[in-house]
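# Overview (structure and organization)
Each chain is listed here by its residues.
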Amino acid sequence: MRVTSLDGALLDFWVAKSENLQLLPEIPENEQIRLNESGYWHPSTYHPSSDWSQAGPIISNEWYSIEDALIEWFGPTWPSIRAISTAPLKWLMRAYVKTKFGDEVEEVEEAEYGSPEILTNKEYRINSNAKRWPSWLSGN
């Protein structure tokens, strides 16, 4: 699946994987657990693609890599792209996932990124096609 197509809970799932966060088997009772620094995440409380407080530390720590990914996708004028300006956080998180896994990630069933039992037993590896141009960019 193309990283540029990731959205919502699936994008949050790949951001958590990029951050090496461990999945909590149950919804956390303590609100502090939702912070990136805890080392854990849960699909019901972790939403970096729509929550600036969760994405902010990632963006701050990985800004240069994120910007490089956006430049690779869109060129140096990426800030003026309408899709980015209307949903910046989503695109920043997509770019962050790209820095860790490349332009494509493994397909994940909806039940997998919302089901702690499945997620805790699955390994995800970096895609070997990381330097391949996205087909929508090359005109294919």
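Residues numbered from 1 in each chain as written. Predicted model: local features only at pLDDT ≥ 70, side-chain atom pairs only at ≥ 80, totals over all residues. Heavy atoms only, no water.

Interhelical geometry of helix α2 (residues 52-74) versus helix α4 (residues 88-101) gives an angle of 70° and a closest axis separation of 7 Å. The angle between the axes of α2 and α4 places the two elements in the roughly perpendicular class. For the contact of α2 with α4, the residue count by class is 17 nonpolar, two polar and five charged. (Axes fitted to C-alpha atoms, helices over the stretch in contact; angles between N-to-C directions. Helix = DSSP H or I, 4+ residues; strand = E, 2+ residues; numbered from the N terminus. Parallel < 35°, antiparallel > 145°, perpendicular 65-115°, else oblique. Nonpolar A, V, L, I, M, F, W, Y, C, P; charged D, E, K, R; others polar.)

By the definition in use, this model includes eight aromatic pairs. Pairing W14 with F101 gives two aromatic rings, centres 5.1 Å apart and planes at 75°, and the pair type is edge-to-face. Of this pair, W14 sits in helix α1 (residues 8-18) while F101 is found in helix α4, placing the two residues 87 residues apart along the sequence. Per residue, the accessibility class of W14 equals that of F101, and both read buried. With a centroid separation of 6.1 Å and an interplanar angle of 65°, the aromatic rings of W41 and Y46 are classed as edge-to-face. The burial state of W41 is the same as that of Y46; both residues are buried. Each member of the aromatic cluster is reached from another via a ring pair, and the members are F13, W14, W41, Y46 and F101. One Lys or Arg, R94, reaches over the ring of W91 and ends 4.5 Å from the middle of that ring. (Phe/Tyr/Trp six-rings, centres within 6.5 Å; stacked < 30°, edge-to-face > 60°. Buried < 20%, exposed > 50% of the residue type's maximum accessible area, 1.4 Å probe, protein only. Lys NZ or Arg CZ within 6 Å of the ring centre and 35° of its normal.)

Let us look at the packing of α1 against α4. Running from N to C, α1 and α4 point in directions that differ by 45°, and their axes come no closer than 9 Å. By the criterion of interaxial angle, the relationship of α1 to α4 is oblique. The chirality of how α1 crosses α4 is left-handed. Contacts between α1 and α4 pair L11, W14, V15, K17 and S18 from the former with K90, M93, R94, Y96, V97, K100 and F101 from the latter. Considered class by class, the residues forming the contact of α1 with α4 number seven nonpolar, one polar and four charged. (Left-handed = near helix turned anticlockwise from the far one by under 90°. Contact = heavy atoms within 4.5 Å.)

The next thing to look at is the side chain of S49. Mapped onto the elements, S49 comes out in the loop between β2 (40-41) and α2. When near neighbours in sequence (up to four residues on either side) are disregarded, S49 contacts G8, L11, D12, L89, K90 and M93.

Among the structural elements, S18 can be located in helix α1. Filtering out sequence-adjacent residues up to four positions away, S18 remains in contact with Y96, V97, K100 and F101.

On to the pattern of salt bridges. The full count for this structure, using the stated rule, is three salt bridges. Here E72 makes a salt bridge to K98, at a shortest N to O gap of 3.2 Å. In this pair, E72 is assigned in helix α2 and K98 in helix α4, connecting sequence segments 26 residues apart. Members of the salt-bridge network, linked through shared partners, are E72, K98 and D103. (Salt bridge = Lys/Arg side-chain N within 4 Å of Asp/Glu carboxyl O.)

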